Amino acid sequence: MCIDALMDVLQIFREEADRLIKEMGIDHRVDNAKEGFGDFTLPCFSLAKKYHKSPAEIAKELESKIEKTSYFERIEAVGPYLNFHISKTKLAELSLNEILSGNIFNFEKKEKVILEHTSANPTGPLHVGRARNPIIGDTMARILREYGYDVEVQYFVNDAGLQVATLIWGLKNLNYDDVKEAKCDHAYVKYYQEASKLSEMREDVRNEIRAIMQAYESGDPNLKKFIREKIGCVLEGILQSLRRLNIYVDTVVWESDLIPFSKKVAEELSQYVDEDNGAYYIDMEKMGVKIQKNRFYLYRSDGTTLYFLRDIAYHLNKSKIARYLIDVLGEDHKLHFEALKAIVGLLNPNVTIRPLFYAFVSLPEGKMSTRRGRAIYLDDLLDEGYRRAMEILKDRDYPENEARKIAEKIAISSIRYSILNVQEEKPIVFRWDQALSFEGESAPFIIYTFARANSILKKASWNGSYFPELITHPQEYKLLKLMAMYPSVLTESAEKLSPYLLARYAYSLAMQFNQFYRDCPVIMAEDNLKESRLAIVNAFKILMERVIVLLGLEPLEKM
RNA sequence: GGGCGCGUGGCCUAGCCAGGAUAUGGCGGCAGCCUCCUAAGCUGCAGGUCGCGGGUUCGAAUCCCGCCGCGCCCGCCA
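Along each chain, numbering runs from 1 in the same order as the chain's sequence is written. Just so you know, chain letters begin at A and ligand numbers begin at 1, following the order they were written in. At least 70 in pLDDT is required for a residue's local features to be given in this predicted model, at least 80 for side-chain atom pairs to be given and counted, and no such filter applies to totals for whole chains, interfaces and linings, which use all residues. Excluded from the side-chain calculations are hydrogens and water; all other atoms, namely the structure's heavy atoms, are used.

1. Comments concerning unusual backbone geometry
We count it as follows: Strands are runs of DSSP state E lasting at least two residues, helices are runs of H or I lasting at least four, and both sets are numbered from the N terminus onward. Throughout this description, buried means an accessible area under 20% of the type-specific maximum (1.4 Å probe, protein chains only), exposed means over 50%, and partly exposed covers the range between.
Look at T118: it is not a glycine, yet its phi comes out positive at around 70°. Mapped onto the elements, T118 comes out in the loop between β5 (112–116) and α5 (128–146). Owing to a relative accessible area of 10%, T118 belongs among the buried residues under this scheme. Of note, the phi angle at N277 is positive, near 50°, even though the residue is not glycine. Structurally, the position occupied by N277 is in the loop between β8 (273–276) and β9 (279–283).

2. Quick notes on the domain arrangement of chain A
Convention followed: Domain delimitation in this document rests on an assignment produced automatically or drawn from a domain database. Residue contacts follow a heavy-atom distance rule, with two residues in contact if any of their heavy atoms lie within 4.5 Å. Buried area adds together the accessible area that both of two parts lose upon being put together, with accessible area traced by a 1.4 Å probe. What counts as a salt bridge is simple: a side-chain nitrogen of Lys or Arg found within 4 Å of a carboxyl oxygen of Asp or Glu.
For chain A, the assigned domains are domain 1 (9–86), domain 2 (117–367) and domain 3 (378–550). Relative placement of domain 2 and domain 3: their C-alpha centres are 37 Å apart. Each partner contributes to the interface: domain 2 provides 36 residues, whereas domain 3 provides 35 residues. Regarding the contact of domain 2 and domain 3, the summed buried area is about 3,100 Å², with carbon and sulfur atoms giving 62% of it. Contact with domain 3 buries area across many residues of domain 2, yet E146, Y147 and R244 alone supply 22% of it, more than any other trio. Linking domain 2 to domain 3 there are five salt bridges.

3. Here we look at the confidence of the model for chain A
Rules: Confidence of the predictor in every single residue is expressed as pLDDT, which spans 0 to 100.
Here chain A averages 93 in pLDDT, while 99% of its residues score no lower than 70. The low-confidence segment residues 1–6 (pLDDT under 50) makes 15 contacts with residues lying over four places distant or belonging to another chain.

4. Remarks on the environment of Y149
With respect to the secondary-structure elements, Y149 resides in the loop between α5 and β6 (150–157). The residues contacting Y149, other than those within four sequence positions of it, are K110, E111, V113, L144 and Y324.

5. Topic: the protein's contact with RNA strand B
Spelled out, the test is: Here, proximity means that at least one heavy atom of the residue falls within 4 Å of the molecule or strand. What qualifies as a polar contact is a pair of N or O atoms within 3.5 Å, subject to a donor-acceptor requirement within protein and to the restriction that residues adjacent in sequence count only when both atoms come from side chains. In this classification, Asp, Glu, Lys and Arg are treated as charged, Ala, Val, Leu, Ile, Met, Phe, Trp, Tyr, Cys and Pro as nonpolar, and every other residue, Gly included, as polar.
Among the 68 residues in the neighbourhood of RNA strand B, the closest are listed as Y81, Y448, S455, K459 and Y517. Protein-adjacent atoms of RNA strand B, using a 4 Å cutoff, are sugar or phosphate at a proportion of 63%. A distance of 3.5 Å separates a sugar or linking oxygen of RNA strand B from a polar atom in the backbone of E331. One nitrogen or oxygen atom from the main chain of I523 is found 3.1 Å from a base oxygen belonging to RNA strand B. Those elements giving two or more residues to the surface near RNA strand B turn out to be β4 (81–86), α6 (162–173), α11 (307–321), α12 (334–347), α16 (443–459) and α19 (499–519). When residues in the surface near RNA strand B are grouped by element, the largest group, eight residues, is from α16. Among the residues making up the surface near RNA strand B, the classes are represented as 28 nonpolar, 16 polar and 24 charged.

6. Examining helix α9 (residues 221–244)
The cut-off we apply is this: Given a helix with a known number of residues, its expected span is that number minus one, times 1.5 Å.
A rise of 1.5 Å per residue sets the reference length of α9, with its 24 residues, at 34 Å; its end C-alpha atoms lie 34 Å apart and thus fit the reference within 8%. Of the residues making up α9, those classed as buried are L223, I227, K230, I231, V234, L235, G237, I238, L239, S241 and L242. N246 sits one or two residues past α9 and shows a positive phi near 65°.

7. Side note on the side chain of E554
In plain terms, the rule: Think of it this way: Lys and Arg go in the positive column, Asp and Glu in the negative one, and His and the chain ends go nowhere.
Tracing the backbone through its elements, the reader meets E554 in the segment after α20 (527–550). Here E554 sits buried without a salt bridge, and the closest side chain of opposite charge, K409, lies 4.0 Å off (N-O distance). Setting aside residues no more than four positions away along its own chain, E554 makes contact with N246, K409, S413, I447 and I548.

Here it is, written out as structure tokens:
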């Protein structure tokens, strides 16, 4: 049978169940049943009124009336429910065939999408609070690619803002000989922190910072060269940390390059713009947009542009290359985004802009802040993860360089997974032990399970055959059923912009495999049963590896 | 004050959008399992007024209303 990849195998059985019900003249669709009550169920409560019978009687009656088909091994009334039990043989056949043929991974090709993530101010190293953005963003990009989109990942460098000007002032006016960090993001952050402190206290410093901003916007060539060099170096430090986490950016867009275009955009919007003491703002009410705040400023009174205007220009530019734009943003950007979306939508009605908001990672003592020096840096978290993984590997007999490689992969995977496994809109309070957990709901649990499957396949080679009628164990069935859900999980994750859904699925898959592993011996099974179980393990390996890579984790054949 | 989001055992968390049968798992705690495919695994035990109060419904963790608590926002910052 040929199956549309967008529809998972379970859907075939569901439609069959719906058809059987419809044939009995009942206009209802089946629900998923609870564990232990079959696969689908038809609750009969709502039919009670119409037929003037108890739900249990109705269920019983339907049980006797319903047509027998090969799709279900059993359809039975249990109290007020009519429960459907899928034929294990049929599901095993379809499910294994979909995975082993690779058909399950065939998603239809889709349009281009530009996904923007991170876009952190290049004033210092990425801290863990900010790292939620690239981890979610990168995983989302992987999922959307798998789903068929042509994804371009962009990083928008906020080099034209106040924060960067503050850092530049610090680099020009301060001197710390004791700072010897190799990476610029770490080497310069002290200059940013100290310059921030000084600007809070001294008006002359604030004026000098403003002067830097004005000169940069007006295109002072020496200053531009200086800023690009320094900020470029900080940015490289950030991108290097991201690469260590398997995160890659396709295009870097410098905000300052958009200033001339921003000014044109402001002219286009002039009918909605008002003046306030030499500054200019857009009046949302004039635009017909009802929003919490009415005034969004585009220009300062000194004539320099503001982030809001540059961001509008940036999105308009993006909308020229792709009609679907996705922004990964902290929840503090909600209001900003709402206004931005309304304005860009007015200037270009063809574009779809969707946000992927996430709540912050904070410390028990409060929000992380680079400026105030209250933050845990991503680089330090990675180093600590590596150290802890090495500690565990010490007790096992790995050659030194192999242990190093494995430890690094475990650290990367654990950190990514600890972020991905939490619903995006839930706030996270950072704890070392939770971020670097190696057991339970963690990346090592998932990867270890994958390694177990590999170990079986290394010890017994599969001859390529399988026998659906021998696949009858409940744990075999549960695993195959869960694997068959992959297309709908991926679809939901892509359409709802929620990598977290796939992270949950990865855990369920691993857990289910461990149940199978416990109850269903493979290598010691006989002949055809052994081959059939090897087919399941093989299918699991293929699917699990796919999911691990989609989450940006590192599959290890052995650990 | 207003807007948005979140509130589930000691800690973390699933389910909520599309209301149904014993509320999912993890961490921590206790007790077990390596002559048998890797113990980063598995099994068992203890632990819950699903923030509070109303409402809708045959039925509410789930939907609606009100309240309380926490987070974020309401900048000529980004």
